[in-house]
Amino acid sequence: MDSEKKTLLIADDAELNREILKQIFEGQFNVLEAEDGEQTIKILDERTNEISLLFLDLVMPGKSGLEVMKHMHEKGYMNTIPVIMITGEATAETDEKAYEYGASDIIYKPFDAKVIRRRTLNILELFENRFHMERKLEKRTKELMESRIKLEKSNEFLINALSSVVEFRSLESGEHIKRVKFFTRIFLTYLNKFYPEYNFSKEQINLIVNASALHDIGKIAIPDSILLKPAKLTKDEFEEMKKHTTYGCEILERFKQEDSEFYRYCYDICRYHHERYDGNGYPDRKKGEEIPIWAQVVSIADVFDALISMRVYKTPYATDTAFQMILDGECGIFSPKILDCFQMAKGILLETSEKFSFADYDSIDKAMDMPDQ
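These lines cover the structure that appears in this document, whether it is placed above or below. Because the structure is predicted, anything quoted here is derived from the model rather than measured.

**Some details on unusual backbone geometry**
No. 1: Going from Lys109 to Pro110, the amide bond is cis rather than trans, its omega being -10 degrees.
No. 2: One can find Pro110 in the loop between strand 5 (105-108) and helix 5 (113-169).
No. 3: In this structure, Pro283 follows Tyr282 across a cis peptide bond, with omega equal to 10 degrees.
No. 4: Position of Pro283 among the secondary structure elements: in the loop between helix 11 (261-272) and helix 12 (293-308).
No. 5: Positive phi values are uncommon outside glycine, yet Asn199 reaches one of about 50 degrees.
No. 6: Its location among the elements puts Asn199 in the loop between helix 6 (175-194) and helix 7 (202-212).

**Concerning the sheet that holds strand 1 (residues 7-11)**
No. 1: The parallel open sheet is built from five strands, whose spatial order is 2-1-3-4-5. One side of each edge strand has no neighbouring strand; the edge strands of this open sheet are strand 2 (30-34) and strand 5. The average undirected angle you get between the axes of adjacent strands in this sheet is 20 degrees.
No. 2: The pairing of strand 3 (residues 51-57) with strand 4 (residues 83-87) spans four bridges and is classified as parallel. The residue bridging Leu56 from the neighbouring strand is Met85, located in strand 4.

**Topic: the side chain of Arg276**
No. 1: Position of Arg276 among the secondary structure elements: in the loop between helix 11 and helix 12.
No. 2: Once residues lying within four places of it in the same chain are set aside, the contact partners of Arg276 are Gly281, Lys286, Lys287, Ile291, Ser299, Val303, Cys331, Gly332, Ile333 and Phe334.

**As for the nonpolar core**
No. 1: Grouped together as the largest cluster of nonpolar side chains are 50 residues, with contacts concentrated most on Ile186, Phe187, Ile326 and Leu349.
No. 2: Listing elements by their share of this core, those giving two or more residues are helix 6, helix 7, helix 10 (244-255), helix 11, helix 12, helix 13 (319-327), helix 14 (336-344) and helix 15 (346-355).
No. 3: Considering every element that reaches this core, the biggest residue donor is helix 12, with ten residues.

What counts and how
Residues numbered from 1 in each chain as written. Predicted model: local features only at pLDDT ≥ 70, side-chain atom pairs only at ≥ 80, totals over all residues. Heavy atoms only, no water. Helix = DSSP H or I, 4+ residues; strand = E, 2+ residues; numbered from the N terminus. Pairing = 2+ DSSP bridges. Axes fitted to C-alpha atoms, helices over the stretch in contact; angles between N-to-C directions. Contact = heavy atoms within 4.5 Å. Core = buried A, V, L, I, M, F, W, Y, C linked by side-chain atoms within 4.5 Å. Buried < 20%, exposed > 50% of the residue type's maximum accessible area, 1.4 Å probe, protein only.

Structural measurements only, silent on function.
Put into structure tokens, the structure is as follows:
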């Protein structure tokens, strides 16, 4: 509400009543008049932003005062235009209905000029104060949202920087983390669309995608002789490599400040992204839905990218070959729901893997024909 707007609308079919109210406020406010409900609605629709307050007669030709208020309620005018109902024929039922629609006050005819002036000014002051409080709240909310966005960007930068340390040690290109994040977002989007029982919010998806960057953080603790070995690992070496899941959780525990949804995603993904649906994974041999769904999602994203990427111990597989290997269970057993989403996402996975360099994920995400979340 604009504090400079001082226009009153008087809606009453009795000219005498309009004249009395007009004389009370004429020197202080601009005054508009309406003699029936239709004319009142027309003025409200055309001059909404000018009107500071409406005096509204209950009984008028055409549309009653309650019908006018119903129109105002539906249009949202009641949030900015206080209404004082003027009536000589009120009942408890009409009073209740008027207040239900949002009337600020009800004044009964005949009315006292001093009383109506004081009550009107009080209502206007209350609306002005509420308006300014709402604007301050909106400004503060906007500032907090901007601060939150900056903090999220800073956190994402730190997460990506930390996860890149692992790739640097592993002599990888630095693209693995980006691809895993991208594939994770694809799978979560498909899960949301075709398995609504998961019902991830946009914020939850963003948290899980960011948490996926830390899935291999425990490899920092793996010796170079194992991490960089260009040949098949021995049984003992593989047992040590498997410990990166628990090492990662120990690292996360050291940096833990408080329990949070994001920390839970990070911990679960770090620890369980090598678990398999049939219980033949590691480190805890969890099976089925004991494995958190976000860890299952990151798991298949990680496996798919590992297959199509160069490693010190292998050359990349063709994307079609990698896709079939996962479906055939050559990389462990995944849940039917995860595999279903994997198959539905095949076109996007193959196209993005072959066509894009993953240098600009925002534009890729927008360019793809993703299902609605």
